[in-house]
Each structure stands twice: as C-alpha cells, then as structure tokens.
Amino acid sequence: MRTRAGFLLLISMQFNKSAKTIEEQITLLRSRGLIIPDEIKARQYLSNISYYRLSSYMLPFQRYNDQKHSFMPNTSFDNILNLYVFDRQLRLLIFDEIERIEIAFRCQIIYKYSLSGGNNWYEEIGYFYNAFHFNKFQVQVNSELSLSKEVFIQHYKTKYSSPVNPPAWMSLEILSFGQLSKMFKNLRTSAQKKEIGNHFSIHHEVLNSWVESLTYVRNLCAHHSRIWN
C-alpha cells in the first residue's frame, strides 16, 4: 500500500499459500524452533483447534519482526496451548458477567419506560432522537417478531389483534443485546434514561458507550474469538 500525490494506491497481490496437513504443520513449527515433546498431543489439538486459530497465540513467543516467524529459545507447544486455554477461560468468565448486565439492562429499559410511557412506547418516535435509526429499529423489531418462535410471542399473536405488536416487556425481550444497545443510544435524554443510568451508578451518556463496548465484547465471546491481547 503506497500513497502518491495524496491518493491511496492498492497493490494487488496473489495469495499463494496452500493448505497443509497436520504432519506438515508440525514439521513447519519445528523448523521454526518450536519444541513439541508430545507429537500425538500436538496432532490432537491441531486437529480440533486448527493451526490458524492457534497462530494468534504464537505471536508473543516468536521473534519480533522476523519474516520467518521463528520462535524464541525454549518455547514449547504447551506455552501456546496454555495461553489458548487461558483465553478460553477468560471468555467464559466475561460472558457469564455480561449475561447478568444484559438482562439487568433490558429489565431497566422495559420497566422505566413502560411504567411512564405505556405498553408500546417503543413504537413512538417522540422517545427517539434520530428518525432514520428509529425507522430502522422498527423494521428490526417487526422482523424479529415475525420470525420469533417464542411461546409468549406466538400466544400474543393468536389471542390479540390490537395493538399489532406485543408490549415492550415481550417485544424487547427477543431483541439482541446489540439491537437493544442501539435503541438505547437513540433514546432522547429523559428522566427515564437518567434513572437507568442511576441504577447502574453511572451517567446515562457513559452507559451508552459502555453498553456499546460490551455488545462488541459479548459477540467476541459468543463467536469464540480471541479476547486476550
């Protein structure tokens, strides 16, 4: 990638690396100086985790800026594996805590706004800043409701015809943390929004930012992505 006269030029490169067998992967790692005392164990983990996923955990043990990716002296396969296991355990701990925050956050939004704004307040544009994001949110809600197999949603559709959509304590319950976060960010500053911030002992604007970050971390955990480093 180079710049010339203020323009960004992209240099096209052909990817020419081919897939390797487990045996070839072990041979490659050993050629780079990695100690593999138990080849059967290494083969088992490479067969179930994948070389590419583990490669992120190899970086701290490799020589800096070395094009050959050689390992520092006395680095073993167990060093890499232990770091991978640590990251997995960290994800589980974080995921468990974010679950509690997400449920409490959802509960507070539903509780504070439904008591003052009525059952279907989330369908009223007056509560929101941005009309474009509000309309986009309504499309998402309607889509989630049409696809939902939840018993309480199906029961509402079967039994009631008006309003068309269920109350907030049903409709918002099936939204993802990310959708809820975006909705909260678009809510106008109000007594209800401030009360939700107070519940978590932080300013409501700070809560906007924190919840947005937590949704990103939650998605990393849910998709088994790397949290460490």
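Summary of the structure given here. (Residues numbered from 1 in each chain as written. Predicted model: local features only at pLDDT ≥ 70, side-chain atom pairs only at ≥ 80, totals over all residues. Heavy atoms only, no water.)

What follows covers the pattern of salt bridges. Across all of its chains, the model carries ten salt bridges by this definition. The closest approach of N and O atoms between Arg106 and Glu102, which form a salt bridge, is 2.7 Å. In this pair, Arg106 and Glu102 both sit in helix α4 (residues 77-117), four residues apart, roughly one turn of the helix. In this structure, Arg106 and Glu102 share a single accessibility class: buried. A salt bridge links Lys112 to Glu195; the shortest N-O distance between them is 4.0 Å. (Salt bridge = Lys/Arg side-chain N within 4 Å of Asp/Glu carboxyl O. Helix = DSSP H or I, 4+ residues; strand = E, 2+ residues; numbered from the N terminus. Buried < 20%, exposed > 50% of the residue type's maximum accessible area, 1.4 Å probe, protein only.)

What follows concerns helix α3 (residues 51-58). Here α3 has its buried residues at Tyr51, Leu54, Tyr57 and Met58. Buried residues in α3, looked at end-on, bunch into an arc of 110 degrees, giving them a common side. The inward-facing, buried residues of α3 contact α1 (22-31), α2 (39-48) and α4. (Arc of directions from axis to C-beta. Contact = heavy atoms within 4.5 Å.)

Each aromatic ring pair is described using two quantities: the centre-to-centre distance and the angle formed by the ring planes. The final tally for this structure, using the stated rule, is eleven aromatic pairs. Centroid distance Trp121 to Tyr127: 5.8 Å. Interplanar angle 70 degrees. Geometry classified as edge-to-face. Residue classification places Trp121 among the buried residues on the basis of a relative accessible area of 0%. Ring geometry for Tyr156 and Tyr160: centres 5.2 Å apart, planes at 35 degrees, overall tilted. The rings of Tyr113, Trp121, Tyr122 and Tyr127 are connected pair by pair, giving a single aromatic cluster. Of note, Lys193 hangs over the ring of Phe184, and the distance from its end group to the ring centre comes to 4.8 Å. (Phe/Tyr/Trp six-rings, centres within 6.5 Å; stacked < 30°, edge-to-face > 60°. Lys NZ or Arg CZ within 6 Å of the ring centre and 35° of its normal.)

This paragraph deals with the nonpolar core. One finds Ile109, Trp121, Leu172 and Met183 to be the most contacted residues of the largest nonpolar core, which totals 29 residues. Elements with a contribution of two residues or more to this core: α4, α5 (131-147), α6 (151-159), α7 (168-171), α8 (177-186) and α10 (204-222). For this core, the element with the most residues is α4, which contributes five residues. If we skip the residues at most four places from it in the chain, Leu172 touches Arg106, Ile109, Ile110, Trp121, Tyr122, Phe137, Leu180 and Met183. One finds Ala42, Leu46, Tyr57 and Leu83 within the second-largest nonpolar core, a separate group that totals 20 residues. (Core = buried A, V, L, I, M, F, W, Y, C linked by side-chain atoms within 4.5 Å.)

The subject of this paragraph is the side chain of Glu102. Judged by its relative accessible area of 13%, Glu102 falls in the buried class. Among all residues touching Glu102, those that are not within four sequence positions of it are Phe177 and Arg218.

Viewed as axis vectors pointing N to C, α8 and α10 meet at an angle of 160 degrees, and their least axial separation amounts to 9 Å. Considering their axes alone, α8 and α10 lie roughly antiparallel with respect to each other. The two elements α8 and α10 cross, and the hand of that crossing is left-handed. Facing Phe177, Gly178, Ser181, Phe184 and Lys185 of α8, the residues of α10 in contact are His204, Leu207, Asn208, Val211, Glu212, Leu214, Thr215 and Arg218. (Axes fitted to C-alpha atoms, helices over the stretch in contact; angles between N-to-C directions. Parallel < 35°, antiparallel > 145°, perpendicular 65-115°, else oblique. Left-handed = near helix turned anticlockwise from the far one by under 90°.)

Within the element layout of this structure, Arg188 appears in the loop between α8 and α9 (191-199). For the pair formed by Arg188 and Thr27, sequence separation is 161 residues and the distance between their alpha carbons is 59 Å. Non-local contacts of Arg188, meaning those with residues more than four positions away in its chain, are made with Tyr113, Gly126, Tyr127, Phe128, Tyr129 and Lys193. Here Gly126 takes part through its backbone oxygen, which lies 3.4 Å from a polar atom of the side chain of Arg188. (Polar contact = N/O pair within 3.5 Å; in protein donor to acceptor, adjacent residues only side chain to side chain.)

Attention now moves to unusual backbone geometry. At the junction of Ser162 and Pro163, the peptide bond is cis and its omega measures out at -10 degrees in the coordinates. Turning to its location among the elements, Pro163 is positioned in the loop between α6 and α7. Of note, His69 is a non-glycine position whose phi angle comes to about 55 degrees, a positive value. Tracing the sequence through the fold places His69 in the loop between α3 and α4.

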